[in-house]
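Commentary on secondary and tertiary structure
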Amino acid sequence: MIWVPILLGTFKILVFGTGMFFAIKWHYDQGKKKKEAAQRWQAPADAETDAGE
């Protein structure tokens, strides 16, 4: 019965570790999306000012 806490503890660490990995990855990807969207939003405005000169 001593193996039960070891097994459950290992499982808990794996589950939380996997969850943390995907949470960090999701937040990183969302930041990257926002940055790309901001660049796309500014790109047409920059092109219009360059064309007018």
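To keep things clear, this report deals only with the structure shown in the data block. Here the structure is a predicted model, which means the values were calculated and not measured.

Given two aromatic rings, their pairing is described by the distance between the two centres and the angle made by the two planes. Per the counting criterion, the structure on display carries one aromatic pair. Relative to phenylalanine 22, the ring of phenylalanine 21 has its centre 5.1 Å away and its plane inclined at 75°; by these criteria the two rings are edge-to-face. Note on phenylalanine 22: relative accessible area 49%, which makes it partly exposed.

Another point: the pattern of salt bridges. Counted under the stated rule, the structure contains one salt bridge. The partner of lysine 25 in a salt bridge is aspartate 29, and the shortest N-O contact between them spans 3.1 Å. In this pair, lysine 25 and aspartate 29 both sit in helix H1 (residues 3-52), four residues apart, roughly one turn of the helix. Assessed through its relative accessible area of 38%, lysine 25 is described here as partly exposed. Assessed through its relative accessible area of 29%, aspartate 29 is described here as partly exposed.

Conventions we followed
Residues numbered from 1 in each chain as written. Predicted model: local features only at pLDDT ≥ 70, side-chain atom pairs only at ≥ 80, totals over all residues. Heavy atoms only, no water. Phe/Tyr/Trp six-rings, centres within 6.5 Å; stacked < 30°, edge-to-face > 60°. Buried < 20%, exposed > 50% of the residue type's maximum accessible area, 1.4 Å probe, protein only. Salt bridge = Lys/Arg side-chain N within 4 Å of Asp/Glu carboxyl O. Helix = DSSP H or I, 4+ residues; strand = E, 2+ residues; numbered from the N terminus.

On their own, these measurements won't tell you what the molecule is for.
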